[in-house]
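Fold and contact review
Here's the letter readout for the chains.
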Amino acid sequence: MTFNTGSALLDAVVLSVVSLEGTYGYKITQDVRQVMDVSESTLYPVLRRLQKDGFLETYDMEFQGRNRRYYKITSNGMILLDKYRSEWLSYKSNIDKILMGQEN
């Protein structure tokens, strides 16, 4: 299975959070922390990598006298997110079979 609970899961969660609305780094960190224990020092390199790979784009807007960097998911980012969502459902189903004692 290609979906693991490491970087792929973090990528999937970040893409999902950003897909809901264009948002800024601190808010992304807070939203991701609702489901995962992640520090800003872990999250910002993920955001930069996803941007470099063409899955996110950024734009700056002024907020209370200073620029704030916002993130927006790209069409390639949505394709990757859809792949992650599909893989998650399969992964979750397989784990549920074992943990919940469900039959095939």
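The text that follows walks through the structure, step by step, so that each part is easy to find. (Residues numbered from 1 in each chain as written. Predicted model: local features only at pLDDT ≥ 70, side-chain atom pairs only at ≥ 80, totals over all residues. Heavy atoms only, no water.)

Moving on, we come to the packing of aromatic side chains. Overall, the coordinates contain three aromatic pairs when judged by the stated rule. Taken together, the ring pairs in this structure connect Y24, Y59 and Y70 into an aromatic cluster. Geometry around Y24 places R68 over its ring, the cationic atom sitting 3.7 Å from the centre. The positively charged end of R68 is found above the aromatic ring belonging to F63, 3.6 Å away from the centroid. (Phe/Tyr/Trp six-rings, centres within 6.5 Å; stacked < 30°, edge-to-face > 60°. Lys NZ or Arg CZ within 6 Å of the ring centre and 35° of its normal.)

Both strand 1 (residues 23-24) and strand 3 (residues 66-73) contribute to a ladder of two bridges, which runs antiparallel. If you follow Y24 over to strand 3, its bridge partner there is Y70. One ladder, built from eight bridges, connects strand 2 (residues 56-63) with strand 3; its direction is antiparallel. What sits directly across from L56, in strand 3, is I73. In sequence, strand 2 turns back onto strand 3 through a hairpin of two residues, with Q64 there showing a positive phi of about 50°. (Pairing = 2+ DSSP bridges. Helix = DSSP H or I, 4+ residues; strand = E, 2+ residues; numbered from the N terminus.)

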